[in-house]
Amino acid sequence: TSLHTFLAALPKAEHHMHLEGSLEPELLFELAAKHDVTLPSTDPAFASPAALRQRYDNFQNLDDFLGYYYIGMSVLIEGSDFEALAYAYFTKAASQNVRHAEVFFDPQAHTSRGVELSTIVESFKRAQARAETDFGMTTQLIMCFLKHLPLSGALETFAQAKDEGFFADGSLAAIGMDSSELPFPSPMWKDVYAAAKESGIRRTIHAGEEGPAHYVTQALDILDAQRIDHGIRALMEGDDELISRLASSKTLLTTCPISNVKLQCIPSIAAFPLKKLIAAGVRFSINSDDPAYFGGYIQENYCALQESFDLSVGEWETIAKGSILGSWCSEERKTQLL
Ligand code: HPA
Ligand code: ZN
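From a predicted model like this one, the values you see are computed outputs, not experimental measurements.

Engineer: So what's going on with the pairing of strand β6 (residues 227-230)? Residues and values would help.
Structural biologist: Where strand β5 (residues 202-207) and β6 come together, four bridges link them in parallel fashion. Within β6, the residue paired with Ala207 across the bridge is His230. With helix α10 (residues 213-221) bridging β5 and the parallel β6, this β-α-β connection has right-handed handedness. Direction of pairing for β6 relative to strand β7 (residues 252-255): parallel, over a ladder of three bridges. By the bridge assignment, Arg227 is partnered in β7 with Leu252.

And the structure:
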């Protein structure tokens, strides 16, 4: 419909995008060749970029996707790889009128392979500076810890980032947690969230994607999380107490509709709880999660929802404005963007 042009032009903020999840198969193969990284020869999906894309159409669940996601990012080795990855995403996002982006990265998946934390952060910062100069786009980095690794690793990575001054100097805007969800409920991460809170560092966490609504409640109660990534299970389970709490506390849910379909968290876009979010007055944003793996950047997510829900221009303006209001940029920047 004609609203697609309007949705593309609408100034937007994105809050849920894993930089490693923007690694397109072509760049993945290019970097594998450059660094002589051997991709799994027993999996026919790694025969070519086209075969890999085809495999991405058939994720069974979150963990099935994550297997490919961690293999894919193993081709990121030099600082220039990280810079090129981030700049390619910023370029694409700017073309879809993303004016402010808060992006995730998974340091432990790289430091475990011998890449220095400072190499990762400094390279992303170079891409961020270029995005601001070239596109007038502001960006912030959110450092995520991996739920499938022990708490000790998250604590060590947090301490290292803090010691290197990356929070104090604004290089890192917040912490988050991602990766496999069901076996790793929110309370497990109490110590690292307490450490972040004590240092005055913002906190978000993936919860209520595949896992139940009470992982979201625990993230609020035990981790004092200020934002929830996904969180749709709260709406899907109809946890009314949690829903009113999210609404009254203005906690932002960073939702990712195409991701939810691709990982089979919901059967179709029509099952995405958009009307419930709006009716309950829960603040939310619409995001791409891992666009290279799920086949859509932010605009495709807005348009997919429009195809199923046929919202009005006014409703879309409220959603896009809500994404800016829920951002972690300065109040001054918000005013510029509104
Ligand atoms: N969920 C959990 N972990 C992730 C995701 C996700 O959607 N994307 C990248 N890591
Ligand atoms: Zn995510």
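Engineer: Mind laying out helix α17 (residues 313-325), listing which residues take part and the relevant values?
Structural biologist: Here α17 contains 13 residues, and its C-alpha end-to-end distance of 18 Å stays within 8% of the 18 Å for a straight helix at 1.5 Å per residue. Buried-residue contacts for α17 involve β1 (12-14), β2 (98-105), β8 (284-286) and α18 (331-337).

Engineer: Any chance you could break down the confidence of the model for the chain for me, citing the residues and the numbers?
Structural biologist: Looking at the chain, the pLDDT average stands at 97 and 100% of residues meet or exceed 70. Quick note on the complex model: pTM equals 0.98, ipTM equals 0.97.

Engineer: Which residues make up the packing of helix α5 (residues 79-95) against helix α7 (residues 117-135), and what values go with them?
Structural biologist: Direction vectors running N to C along α5 and α7 enclose 30°, while the axes themselves pass 8 Å from each other. It follows that α5 is roughly parallel to α7 by the angle criterion. With respect to the hand of their crossing, α5 and α7 are arranged in right-handed fashion. Across the interface between the two elements, Gly79, Phe82, Glu83, Ala86, Tyr87, Phe90 and Ala94 from α5 touch Thr119, Ile120, Glu122, Ser123, Phe124, Arg126, Ala127, Arg130, Ala131 and Phe135 from α7.

Engineer: Residue-level account of α7, with values.
Structural biologist: Spanning 19 residues, α7 covers 27 Å between terminal C-alpha atoms, matching the ideal 27 Å at 1.5 Å per step. When α7 is considered as a whole, its buried residues turn out to be Ile120, Val121, Ser123, Phe124, Lys125, Ala127, Gln128 and Ala131. Residues of α7 that are buried sit in contact with α5, β2, α6 (108-111) and β3 (138-146). Immediately downstream of α7, the backbone of Gly136 shows phi near 65°, a positive value.

Engineer: Describe the site of ligand 1, naming the residues involved and giving the relevant values.
Structural biologist: For ligand 1, the full set of nearby residues is His18, Gly21, Leu62, Tyr69, Asp178, Ser179, His206, Glu209, Ser259, Asp289 and Asp290. Partitioning the shell around ligand 1 into residue classes produces two nonpolar, five polar and four charged.

Engineer: Any details on the sheet that holds β1? Residues and values, ideally.
Structural biologist: Strand order in the open sheet formed by eight strands is β1-β2-β3-β4-β5-β6-β7-β8, with parallel pairing between adjacent strands. Looking at which strands have only one partner, the edges of the open sheet turn out to be β1 and β8. On average, each strand axis in the sheet is tilted by 20° relative to the strand beside it, whichever way the strands run.

What counts and how
- Residues numbered from 1 in each chain as written.
- Chains lettered and ligands numbered in written order.
- Predicted model: local features only at pLDDT ≥ 70, side-chain atom pairs only at ≥ 80, totals over all residues.
- Pairing = 2+ DSSP bridges.
- Helix = DSSP H or I, 4+ residues; strand = E, 2+ residues; numbered from the N terminus.
- Right-handed = clockwise from strand over helix to strand, strands pointing away.
- Expected span 1.5 Å × (residues − 1).
- Contact = placed C-beta atoms within 7 Å.
- pLDDT = per-residue confidence, 0-100.
- Axes fitted to C-alpha atoms, helices over the stretch in contact; angles between N-to-C directions.
- Parallel < 35°, antiparallel > 145°, perpendicular 65-115°, else oblique.
- Left-handed = near helix turned anticlockwise from the far one by under 90°.
- Buried ≥ 20, exposed ≤ 12 C-beta atoms within 10 Å, placed from the backbone.
- Near = placed C-beta within 6 Å.
- Nonpolar A, V, L, I, M, F, W, Y, C, P; charged D, E, K, R; others polar.

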